[in-house]
Amino acid sequence: MNPGRHMTFLGLLALAYYAVLLASGAVSTDVMPQFVVSAVLFLSSGRLLRKTSAVRVKDKKKAELDKPRKEPDWAFRTQVLNWVMTILILLVLGLWVMKPVGVSFMEMLDFG
């Protein structure tokens, strides 16, 4: 299944989920405009993805005929991935070390 169909399917699932929430009384109608906007964004993004992929396929075929494909710099990409993961791990460990012993992560994030 292509990404455009995935987004359309997610939009339909979002609409169904919001309808169930509204029918069960879990949410009021005050938040319904936000739900409808997010579902419409999902549905329209799926349609846009399908249109742009059709255009890109045509452009890509023309580009492939014009010039050979350049090989990516895997050494550089590996270094970037290593540094990003290192920073992410250090941030998580820093949060874990700075958290007081008797406090959960959810309590720590509650600033009020």
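Describe the overall build of the chain, naming the residues involved and giving the relevant values.
A count of helices and strands for the chain gives four helices and zero strands. Mapped from its N terminus to its C terminus, the chain presents α and β elements in the order α-α-α-α. Taken over the C-alpha trace, the chain has a radius of gyration of 23 Å; the compact-globule value for 112 residues is 13 Å, which it surpasses by more than 25%. Expressed as lengths along the three principal axes of its C-alpha atoms, the size of the chain is roughly 65 × 45 × 20 Å. Counting all 112 residues of the chain, 9% fall into the buried class. Put simply, 62% of the contacts in the chain that link residues at least 6 apart link residues at least 24 apart. Taken as a whole, the chain presents about 9,900 Å² of accessible surface, with 70% of it coming from carbon and sulfur. If you average the places of the 14 positive and of the 8 negative side-chain charges in the chain, the two averages end up 12 Å apart.

Run through the packing of aromatic side chains, naming residues and quoting values.
One pass over the structure, following the stated rule, counts one aromatic pair. Summarising the aromatic geometry, the rings of Y17 and Y18 are spaced 5.9 Å apart at their centres and angled 55 degrees between planes, so their arrangement reads as tilted. Over the ring of W74 we find R77, and its NZ or CZ is 5.3 Å from the ring centre.

Which residues make up the nonpolar core, and what values do they have?
A14, Y18, L21, F35 and A39 form the largest nonpolar core, which has five residues in total. Broken down by secondary-structure element, the contributors of at least two residues to this core are α1 (3-24) and α2 (32-66). In terms of residue count, α1 provides more of this core than any other element does, three residues in total. When near neighbours in sequence (up to four residues on either side) are disregarded, F35 contacts Y18, L21 and V27.

The rules behind these values
- Residues numbered from 1 in each chain as written.
- Predicted model: local features only at pLDDT ≥ 70, side-chain atom pairs only at ≥ 80, totals over all residues.
- Heavy atoms only, no water.
- Helix = DSSP H or I, 4+ residues; strand = E, 2+ residues; numbered from the N terminus.
- Rg over C-alpha atoms; globule rule 2.2 N^0.38 Å.
- Buried < 20%, exposed > 50% of the residue type's maximum accessible area, 1.4 Å probe, protein only.
- Contact = heavy atoms within 4.5 Å.
- Areas by Shrake-Rupley, 256 points an atom, 1.4 Å probe, with all protein chains shown as cover.
- Lys, Arg positive; Asp, Glu negative; His and termini not counted.
- Charge placed at Lys NZ, Arg CZ, Asp CG, Glu CD.
- Phe/Tyr/Trp six-rings, centres within 6.5 Å; stacked < 30°, edge-to-face > 60°.
- Lys NZ or Arg CZ within 6 Å of the ring centre and 35° of its normal.
- Core = buried A, V, L, I, M, F, W, Y, C linked by side-chain atoms within 4.5 Å.

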